[in-house]
Amino acid sequence: MLSLLLARRCLPRRLACVPRRWHSAEAPFEHLNPVTEQDVQQFASILPPSSVLSTLPPSSTAASELDQYNNDWMGKYHGKSTTVLKPKTTQQVSDIVKLCWERRVGIVPQGGNTGLVGGSVPIHDEVVVNLSNMNKVRSFDPVSGILVADAGCILQSLTDYIAPHHHIMPLDLGAKGSCHIGGNVATNAGGLRLLRYGSLHGSVLGIEVVLPDGTILDQLTSLRKDNTGYDLKQLFIGAEGTLGIITGVSILTPPAPQASNNVILALPHFDNVLPLYKEVKRQLSEILSAFEFIDRTAYDLAVKHGQGRGLTEEEVDGAQCFVLVETSGGRRDHDEEKLNDLLESLLGADQPLITNGVLSQSPAQFSSLWSLREGVTEAVSKEGKAYKYDISVPLSTFKQVVDVTRDHLRSKGLLHDGAVKHVIGYGHVGDGNLHLNVIAEQYTDEIQDALEPFIYELVASHRGSISAEHGIGAMKTHALHFSKSDVSIALMKQIKQLFDPRGIMNPGKVIEL
Ligand code: FAD
Ligand code: 2HG
Ligand code: ZN
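Criteria and cut-off values
- Residues numbered from 1 in each chain as written.
- Chains lettered and ligands numbered in written order.
- Predicted model: local features only at pLDDT ≥ 70, side-chain atom pairs only at ≥ 80, totals over all residues.
- Heavy atoms only, no water.
- Helix = DSSP H or I, 4+ residues; strand = E, 2+ residues; numbered from the N terminus.
- Rg over C-alpha atoms; globule rule 2.2 N^0.38 Å.
- Contact = heavy atoms within 4.5 Å.
- Areas by Shrake-Rupley, 256 points an atom, 1.4 Å probe, with all protein chains shown as cover.
- Lys, Arg positive; Asp, Glu negative; His and termini not counted.
- Charge placed at Lys NZ, Arg CZ, Asp CG, Glu CD.
- Donors = N, O, S within 2.8 Å, 3.2 Å for Na, K, Ca; no water.
- Buried < 20%, exposed > 50% of the residue type's maximum accessible area, 1.4 Å probe, protein only.
- Axes fitted to C-alpha atoms, helices over the stretch in contact; angles between N-to-C directions.
- Left-handed = near helix turned anticlockwise from the far one by under 90°.
- Nonpolar A, V, L, I, M, F, W, Y, C, P; charged D, E, K, R; others polar.
- Domains from an automatic or database assignment.
- Buried area = accessible area lost by both parts, 1.4 Å probe.
- Polar contact = N/O pair within 3.5 Å; in protein donor to acceptor, adjacent residues only side chain to side chain.
- Core = buried A, V, L, I, M, F, W, Y, C linked by side-chain atoms within 4.5 Å.
- Pairing = 2+ DSSP bridges.
- Parallel < 35°, antiparallel > 145°, perpendicular 65-115°, else oblique.
- Disulfide = S-S within 2.5 Å.
- Near = heavy atom within 4 Å.

## As for the overall build of the protein chain
Consideration 1: Across its full length, the protein chain holds 19 helices and 16 strands.
Consideration 2: Compactness check: the protein chain gives a C-alpha radius of gyration of 23 Å against a globular reference of 24 Å for 513 residues, within 12% of the reference.
Consideration 3: For the protein chain, the spread of C-alpha atoms along the principal axes amounts to about 75 × 60 × 45 Å.
Consideration 4: Restricting the contact set of the protein chain to residue pairs at least 6 apart, pairs at least 24 apart contribute 75%.
Consideration 5: For the protein chain, the exposed surface amounts to about 21,200 Å²; the carbon and sulfur share of it is 52%.
Consideration 6: Across the protein chain, the centroid of the 46 positively charged side chains sits 2 Å from that of the 57 negatively charged ones.

## A short note on the coordination of the zinc ion (ligand 3)
Consideration 1: Coordination of the zinc ion (ligand 3) by the protein is provided by His428 (NE2), His435 (NE2) and Glu469 (OE), with metal-donor distances spanning 1.8 to 2.1 Å.
Consideration 2: Between consecutive donors of the zinc ion (ligand 3), the numbers of intervening residues give the motif H-x6-H-x33-E. Placement of histidine 428 in strand β15 (residues 420-428) and of glutamate 469 in the loop between α18 (454-461) and α19 (486-499) is noted, with a sequence separation of 41 residues between them. Across the pair, exposure class does not vary: histidine 428 and glutamate 469 are buried alike.

## A few points about the packing of helix α10 (residues 273-284) against helix α13 (residues 332-348)
Consideration 1: Contact geometry for α10 and α13: axes closest at 10 Å, N-to-C directions at 145 degrees. At the point where α10 passes α13, the crossing takes the right-handed sense. Of the residues in α13, those touching α10 at Leu276, Glu279, Val280, Gln283 and Leu284 are Lys338, Leu339, Asp341, Leu342, Ser345 and Leu346.
Consideration 2: The residue makeup of the contact of α10 with α13, split by class, is 6 nonpolar, 2 polar and 3 charged.

## Looking at the domain arrangement of the protein chain
Consideration 1: Segmentation of the protein chain into domains returns domain 1 (2-10 + 384-482), domain 2 (31-130), domain 3 (137-252) and domain 4 (259-376).
Consideration 2: On the side of domain 2, 9 residues touch domain 1, which itself brings 12 residues to the contact.
Consideration 3: Here domain 1 and domain 2 share an interface that buries about 850 Å² over both sides, 67% of which is from carbon and sulfur atoms.
Consideration 4: In this structure, the connection of domain 1 to domain 2 is made through 2 residue pairs in polar contact (both at pLDDT 80 or more).
Consideration 5: The class makeup of the residues in the side of domain 1 that touches domain 2 is 6 nonpolar, 3 polar and 3 charged.

## A word on the side chain of asparagine 433
Consideration 1: You can see asparagine 433 is positioned in strand β16 (residues 433-440).
Consideration 2: The class of asparagine 433 is buried, set by a relative accessible area of 3%.
Consideration 3: In this view, asparagine 433 contacts Asp390, Ile391, Phe398, Tyr426, Gly427, His428, Ala468 and Glu469; residues no more than four positions away in its chain are not counted.

## Focus: the nonpolar core
Consideration 1: One finds Leu265, Leu276, Phe291, Val325 and Tyr389 to be the most contacted residues of the largest nonpolar core, which totals 62 residues.
Consideration 2: No other element matches the 5 residues that α10 contributes to this core.
Consideration 3: When sequence neighbours within four positions are dropped, the list of residues in contact with leucine 265 reads Leu276, Cys321, Phe322, Val323, Val325, Leu343, Leu346, Ile354, Asn356 and Gly357.
Consideration 4: Counting 31 residues, the second-largest nonpolar core is a separate cluster that includes Leu171, Leu173, Ile237 and Ile246.

## Thoughts on the pairing of strand β9 (residues 245-252)
Consideration 1: The buried count for β9 comes to 8 of 8 residues, which makes it a mostly enclosed element.
Consideration 2: As judged from the 5 bridges shared by strand β6 (residues 146-150) and β9, these two strands associate in the antiparallel manner. Each residue of the ladder has a partner; that of leucine 147, found in β9, is isoleucine 251.
Consideration 3: Relative to β9, strand β7 (residues 204-210) is paired through 6 bridges, and the arrangement is antiparallel. Looking across to β9, one finds that valine 209 is bridged to isoleucine 246.

## As for the packing of helix α2 (residues 37-46) against helix α4 (residues 90-103)
Consideration 1: Where α2 meets α4, the closest approach of the two axes is 10 Å, and the angle between their N-to-C directions is 160 degrees. Looking at the two axes, α2 sits roughly antiparallel to α4. Of the two elements, α2 crosses α4, and the hand of that crossing is right-handed. Facing Asp39, Gln42, Phe43 and Ile46 of α2, the residues of α4 in contact are Gln92, Asp95, Ile96, Leu99, Cys100 and Arg103.
Consideration 2: Here the residues of the contact of α2 with α4 sort into 5 nonpolar, 2 polar and 3 charged.

## Structural notes on the environment of aspartate 390
Consideration 1: With respect to the secondary-structure elements, aspartate 390 resides in strand β14 (residues 385-392).
Consideration 2: Sequence-wise, aspartate 390 and isoleucine 495 are 105 residues apart; in three dimensions their C-alpha atoms are separated by 25 Å.
Consideration 3: If near-sequence neighbours (up to four positions away) are discounted, aspartate 390 is found in contact with Asn433, Leu434, His435, Ser465, Ile466, Ser467, Ala468, Glu469, His470, Gly471 and Lys476.
Consideration 4: A polar atom in the side chain of aspartate 390 sits 2.8 Å from the backbone nitrogen of glutamate 469.

## Topic: the state of the cysteines
A covalent bond bridging the sulfur atoms of two cysteines is what the word disulfide describes.
Consideration 1: In this structure the tally under the stated criterion is 0 disulfides.
Consideration 2: Distance from the sulfur of cysteine 153, which forms no disulfide, to the nearest cysteine sulfur (cysteine 179) is 12 Å.
Consideration 3: For cysteine 179, a relative accessible area of 3% puts it in the buried group.

## Regarding the site of ligand 2
Consideration 1: Every residue close to ligand 2 is listed here: Leu116, Arg373, Thr377, Lys388, Tyr426, His428, His435, Asn437, Glu469 and His470.
Consideration 2: Interatomic distance of 2.7 Å between a side-chain N/O atom of arginine 373 and an oxygen atom of ligand 2.
Consideration 3: When ligand 2 is considered free in solution it has 300 Å² of accessible area, and contact with the protein chains removes 88% of it.
Consideration 4: Secondary structure elements with two or more residues in the shell around ligand 2: β15 and β16.
Consideration 5: Looking at the shell around ligand 2 residue by residue, the classes come out as 2 nonpolar, 5 polar and 3 charged.

Printed below as a string of structure tokens:
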């Protein structure tokens, strides 16, 4: 129900004026060449005219038509590409890439352009290879649940495709109506089902990739077990398009649960989240499928911006934060009974961990409760400009990290109308992943300088990760060392050098060469 509603709601793009720092530096990459008219002519000999969008002759695309490819979803990162290519086949991708390889032209692989770290748009004038025309399901085996699809298939459309066979995609995220399965694999997207189905490193069985010199690496196997040496596909999962362009994905889809329920729990203190998680796991055990956290401000913003129907004044009275619990199991009666027992025992305890709990009673309410959590990103973007820190830190420090950041901004005199409006925390408690969002009126150098490296140092002090699920992109390239050792970074550079010695594939992203 929830998925169907969101499927039709394509995410709007947010374009805005931004200050100096977020404009691309003037100097182009020294090791790369700009796209020329001759290049565009060559691209036009490989692709049909409708697949070549360029402001250079012989094409005549208006620059404004390229805006949606040059600007990211948040309106924070801006490229200056003159040329966007939209191939339909793997062979076409290979032919384009070969040309770029020979000419040393930079390429940015692009899926739904919903990434939150500036990885999906050019830094200068690299060619954008957008996969949206590669959108066919290649096969689905309803017995094994193995789906093989073009990389440009939208996540929601795959969900819809397999639904009649009673299967679901192993991942789900707020951007499902726009993001591509290829983009999901390239970012190793986490999302709302990771607690139950694990990461894409487990569920992706095979991929087809066009390497930076145009070679097609066909690893599109549909085998559950395959121990034949190095598992090369793992290198491309989470590589953010720096090692090649993913053109096909083979993925294991789980059977759809017979019944799903959810409940939103209001907590008087953040300190109750950990004991609550322990208790919820103990009582719900195998049917627990999500345990998601939103602090009070994130909840208020979701309600303010129409993401799901809020609870009543009475239900949220005294709540400092909320937890959304989802169950997915085999028998509705059994699951409902367990959830009701949980609620009763929580509310009836001598020292209750929650002040209230609201159980969904219909598919519409189920969706509405999910929207309160899933819709926070959308709400934040309506509220202002977001600095997003997607971190892994010990669960016990979630609140502290948010509070320390807010205090730090206050001490710098930046927490006031006209500068930073809110500092919020929400995320995937079950995965130890906190989304720390600082919402400001505008992106400014002053706020940026106050936040970095402050937050990265804070994360490192907890031995955390500076990117739990969104990736490094252009945003955190310079900060990789806060989470990776020198030895790891040196090996990553060697891998990049091995696959892409000319440095054409998504230059300036993930690692600095
Ligand atoms: P893009 O944004 O187009 O690209 C992302 C990166 O992958 C870029 O570096 C790009 O070069 C590369 N890439 C894209 N396609 C390919 C390809 N075919 N081959 C090689 N490289 C490629 N992320 C999460 O992890 N969890 C969430 O819960 C989540 N929720 C979100 C909610 C909202 C409302 C929004 C706007 C974003 C959310 N995201 C989330 C971030 C984003 O949706 C994911 O990172 C998603 O996987 C990106 O997919 P995409 O197709 O939009 O890729
Ligand atoms: C989520 O979990 C996404 O909702 C997006 O990963 C988080 O917008 C964000 O910071
Ligand atoms: Zn997330």
